[in-house]
Amino acid sequence: MGKNHSNPTKRLGVAAIALFICSSPAVAEVPADPLQSPVWKALGETFFGDSDVRFDPRVRVIMPQIAENQRSFPVAVDARTISGVKRILIFADLNPIPLAIDYVLADAAPYLATNIKLDQRTPVRGAVQLKDGSWLVSGAWVDAAGGGCSMPPLSRARGDWSQHLGEIRGGAWHTEGGDRVRLAMRHPMDTGFVANIPTYHLESLALTDADGKIFGSLAIEASVAEDPVITVIVAPSKSAKLLVTGRDTNGIDYDATLAIMDRPVGLASALK
């Protein structure tokens, strides 16, 4: 009789692997895109991983339908009707740098507004992550002439960018829904897509009050517009001042102190 060369241990190992595969939890798939973006699946897997994702109109993405200025396109994400939001993303599918801002909330309302660059006609979206780890997404197509990411910043064309680099103006004032904070920062926000100009941009901002209370932190990409303007709404503070700290990709640190006013005032006069 011929010898049986099969290996019981090997057979057991194969069976164990098969059992593991069959018993492993299924990987969540991103849902079909109502906007039919050609890159939605890849972006969804990159941004959301295995988390559950749903499209939800309660995530209000407030923006024009046409980009009159592709260098600076206003976008606001308002999810204040949704409870348990811990994170907000703003991204444009077809930009060479899709993600603009990743905002991690600590003690703040789920609201974020800024201006971004648009490189072509693209879906622009807001996504919010809930405490259970799931994501809610909304957005719309925006018509744009294009080139926003590949144009040199105006401050570089004027030649005065280095004279104003790091300047911060800001305003903070009490409102019924919390303390509204608006920051305007001077920075070229270079994307790296302009000849002989490497990528250089603000990469982080954090908001606290004078007592050390943390409101939130923002990771910022080069697809945010030159001289970024960012608006958030934080929880009411017992402190009379808010502290802003940040850093850019060259390791330069930024800081400012904002006096919290009872009514809106000019940005410069609110900065102490």
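Our structure's up above, just so we're on the same page.
Residues numbered from 1 in each chain as written. Predicted model: local features only at pLDDT ≥ 70, side-chain atom pairs only at ≥ 80, totals over all residues. Heavy atoms only, no water.

Caption draft 1: The environment of K86, seen in detail. As for its position among the elements, K86 is in strand β5 (residues 85-92). K86 gets classed as partly exposed once you look at its relative accessible area, which sits at 34%. Measuring from C-alpha to C-alpha, the distance between K86 and L105 comes to 5.1 Å, with 19 residues separating the pair along the chain. Setting aside its immediate chain neighbours within four residues, K86 contacts Y103, V104, L105, Q129, L130 and K131. (Helix = DSSP H or I, 4+ residues; strand = E, 2+ residues; numbered from the N terminus. Buried < 20%, exposed > 50% of the residue type's maximum accessible area, 1.4 Å probe, protein only. Contact = heavy atoms within 4.5 Å.)

Caption draft 2: Representation of the side chain of R125 within the structure. For R125, the location among the structural elements is in strand β8 (residues 122-130). According to the relative accessible area criterion, R125 is buried, its value standing at 1%. Polar side-chain contacts of R125 include one of 2.7 Å to the side chain of D93. (Polar contact = N/O pair within 3.5 Å; in protein donor to acceptor, adjacent residues only side chain to side chain.)

Caption draft 3: Quick look at the packing of aromatic side chains. Summed over the entire model, instances satisfying the criterion amount to 6 aromatic pairs. Relative to F48, the ring of W40 lies with its centre 6.1 Å away and its plane at 50 degrees, an arrangement referred to as tilted. Residues W40 and F48 agree in their burial class; the two are buried. (Phe/Tyr/Trp six-rings, centres within 6.5 Å; stacked < 30°, edge-to-face > 60°.)

Caption draft 4: Geometry of the environment of P188. Considering the arrangement of structural elements, one finds P188 in the loop between β11 (178-185) and β12 (202-209). Accessibility expressed as a relative area gives 1% for P188, which makes it buried. The spacing of P188 and T199 is 11 residues in sequence and 9.7 Å in space, taken between C-alpha atoms.

Caption draft 5: The pairing of strand β4 (residues 73-78), seen in detail. Burial analysis of β4 places 5 of its 6 residues in the buried class, the great majority of the element. When strand β2 (residues 60-62) meets β4, the two strands line up antiparallel, connected through 3 bridges. Residue V61 lies in a different strand from β4, and its bridge partner there is V77. Bridge count between β4 and strand β7 (residues 108-116): 6 bridges; the pairing is antiparallel. Across the sheet, V77 pairs through a bridge with L112, a residue of β7. (Pairing = 2+ DSSP bridges.)

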